[in-house]
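Take a look at the letters that make up each chain.
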Amino acid sequence: MEDLSLHILDIAENATAAGARLVEITIDQDTARDRLEVVIRDNGRGMDREMLEKAGDPFFTTRTTRRVGLGLSLLQQATREAGGEFFIRSKPGQGTEVRATFQVSHIDRKPLGDMGSTLVSLILGNPDVDFVYTFNFDGEQTTLDTRMIKAELDDTTTISDPTILNLIKNICEGDRDKGFATDGGEKNG
Amino acid sequence: MAKLRVEDLKKIKESMKGTVTLRDGSYRVKITVHMGTCGIAAGARKIMNTFLEKLQQSGATDVILTSSGCAGLCNREPMITVEARESAPVKYINLDSEKAKKIFDEHIMKGTPVPEYALAMGSETTY
């Protein structure tokens with residue numbers, strides 16, 4: 001994974017696979033405290049203690065198509081490399097919360113990347129799931145809530161419409177310029 | 001981040017009046033981008049972006065673009081499955097933006113699969 005937005009896409013996909021109806025993605029940067037926090041919270045089926053203990057193990061997965069699960073362990077590694085911490089909380093029936101922190105100035109901290117594309121991919125793959133994206137940059141907060149967007153759409157338009165998705169993507173474009181150095185380095189560029 | 005204004009949505013709604021979208025349920029072709037950890041790390045999001053761009057340019061309303069998880073062939077990612085009604089589904093492997101554009105023009109729009117990028121023709125369907 002080359003940037004944090006790809007990690008976020010991966011973890012949020014896990015959330016939808018766990019039957020979540022609502023996935024909240026919160027990014028919080030406090031430059032003065034040299035801290036960046038990413039939280040992905042869902043209301044999916046959650047995990048029991050036994051499964052939770054195994055969740056960070058790269059050789060554990062619930063999937064049947066391959067025998068290793070790398071998503072959480074890759075994010076955990078990204079936090080370790082950038083002076084941060086990784087937490088996961090979950091309860092059966094109450095959803096899961098993944099929290100990753102990073103040292104903003106750390107040379108190995110991955111750039112945030114393209115959150116617009118991450119949100120658009122999530123919405124396309126899961127049009128019935130709602131997403132709340134909150135970006136808090138040194139106290140300046142903005143939010144994108146798909147429930148609000150859906151409420152404005154009538155019967156002839158769905159949130160998966162390319163015009164709507166491009167609008168969402170453009171709104172998030174601004175995030176890339178905010179203190180996050182990004183080389184735009186995504187494969188197949 | 002600029003805020004999404006209600007006026008923006010209203011404007012879109014206005015411009016879409018009269019166009020009938022078939023995105024709910026009935027469709028001619030379905031494109032599934034495989035987006036497991038492996039797919040994402042290999043560039044699946046870029047492929048999703050490319051198809052979204054092509055979809056908007058073409059104005060096609062009978063094409064569904066969606067995602068699914070890991071299909072078990074992680075070393076062949078980025079990978080997609082194209083399901084056209086009345087014909088066998090095709091899995092395309094090791095994709096990049098250029099290949100995706102060609103697949104869109106040939107297979108999605110003209111109905112002619114691109115065998116050189118395909119893994120195999122004829123496997124499971126999701127409908």
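Residues numbered from 1 in each chain as written. Chains lettered and ligands numbered in written order. Predicted model: local features only at pLDDT ≥ 70, side-chain atom pairs only at ≥ 80, totals over all residues. Heavy atoms only, no water.

### Describing the overall build of chain B
Within chain B one finds four helices and five strands. Relative to its full complement of 127 residues, chain B shows a buried share of 49%. For chain B, contacts bridging at least 24 residues in sequence account for 68% of all contacts bridging at least 6. Split by element, the accessible area of chain B, about 5,800 Å² in all, is 52% carbon and sulfur. (Helix = DSSP H or I, 4+ residues; strand = E, 2+ residues; numbered from the N terminus. Buried < 20%, exposed > 50% of the residue type's maximum accessible area, 1.4 Å probe, protein only. Contact = heavy atoms within 4.5 Å. Areas by Shrake-Rupley, 256 points an atom, 1.4 Å probe, with all protein chains shown as cover.)

### Focus: the layout of surface pockets
There is about 770 Å³ of room inside the largest pocket. In terms of lining, the largest pocket is formed by 34 residues, of which the most central are N14(A), A15(A), A17(A), A18(A) and T62(A). Contributing elements (two or more residues each) for the lining of the largest pocket: α1 (4–17), β2 (35–42), α2 (49–55), α3 (71–81) and β4 (95–103) of chain A together with β2 (63–68) of chain B. It is α1(A) that contributes the most residues to the lining of the largest pocket, seven residues altogether. When grouped by side-chain class, the residues that make up the lining of the largest pocket number 15 nonpolar, 13 polar and six charged. (1 Å grid on protein atoms, 1.4 Å probe; cavity = no way out; pocket = protein on both sides within 12 Å on 5 of 7 lines; lining within 4 Å. Points joined across faces, edges and corners; volume = space filled by probe spheres on them. Nonpolar A, V, L, I, M, F, W, Y, C, P; charged D, E, K, R; others polar.)

### A word on the sheet that holds strand β3 (residues 86–91) of chain A
Adjacent strands of a sheet pair through backbone hydrogen bonds, lying either parallel or antiparallel. Residues and elements named next belong to chain A. An order of β3-β4-β2-β1-β5-β6 is seen for the six strands of this open sheet, with the pairing classed as mixed. Single-partner strands in this sheet number two, and they are β3 and β6 (140–145). For this sheet the average axis-to-axis angle between neighbouring strands, irrespective of direction, equals 10°. Of the strand pairs in this sheet, strand β1 (residues 22–30) and β2 are connected by eight bridges, and their pairing is antiparallel. Within the sheet, the bridge partner assigned to V23 lies in β2 and is D42. Packing of α3 onto the sheet brings it into contact with β3 and β4, and relative to β4 it is tilted by some 30°. (Pairing = 2+ DSSP bridges. Axes fitted to C-alpha atoms, helices over the stretch in contact; angles between N-to-C directions.)

### Quick notes on the pairing of β6(A)
All names here are of chain A. Across six bridges, strand β5 (residues 130–137) lies against β6 in antiparallel orientation. Paired with Y133 across the strands is L144, a residue of β6. Counting the residues in the hairpin turn of β5 and β6 gives two residues, including D138, whose phi is positive at 50°.

### Quick look at the nonpolar core
Within the largest apolar cluster, 77 residues are counted, with the highest numbers of intra-cluster contacts made by I25(A), I80(B) and Y92(B). Here the element with the most residues in this core is α1(A); it accounts for seven residues. Setting aside its immediate chain neighbours within four residues, I25(A) contacts I8(A), A12(A), V39(A), I40(A), M115(A), L119(A), L122(A), V132(A), Y133(A) and T134(A). (Core = buried A, V, L, I, M, F, W, Y, C linked by side-chain atoms within 4.5 Å.)

### Some words on the side chain of T118(A)
Within the fold, T118(A) resides in helix α4 (residues 115–125). Looking at T118(A), the relative accessible area reads 0%, which means it is buried. Among the polar contacts made by the side chain of T118(A), one reaches the main-chain carbonyl oxygen of S5(A) at a distance of 2.8 Å. Leave out the neighbours within four places in its chain, and T118(A) touches S5(A), L6(A), I8(A), L9(A) and R45(B). (Polar contact = N/O pair within 3.5 Å; in protein donor to acceptor, adjacent residues only side chain to side chain.)

### Things to note about the pattern of salt bridges
Residues and elements named next belong to chain A. Per the stated rule, a full pass over the model turns up 15 salt bridges over all chains. Notably, a salt bridge pairs E50 with K54, separated by 3.8 Å at the nearest N-O pair. Remark: K54 and E50 occur in helix α2; sequence separation between them is four residues, near one turn of the helix. Classification of K54 by relative accessible area gives partly exposed; the value is 34%. For K150, the salt bridge identified is with D130, shortest N-O distance 3.0 Å. Note that K150 is positioned in helix α5 (residues 146–152) and D130 in strand β5, a separation of 20 residues in sequence. Residue classification places K150 among the partly exposed residues on the basis of a relative accessible area of 25%. Each of E24, R35, E37, R41, R89, E97 and R99 takes part in salt bridges that share partners, so that together they form one network. (Salt bridge = Lys/Arg side-chain N within 4 Å of Asp/Glu carboxyl O.)

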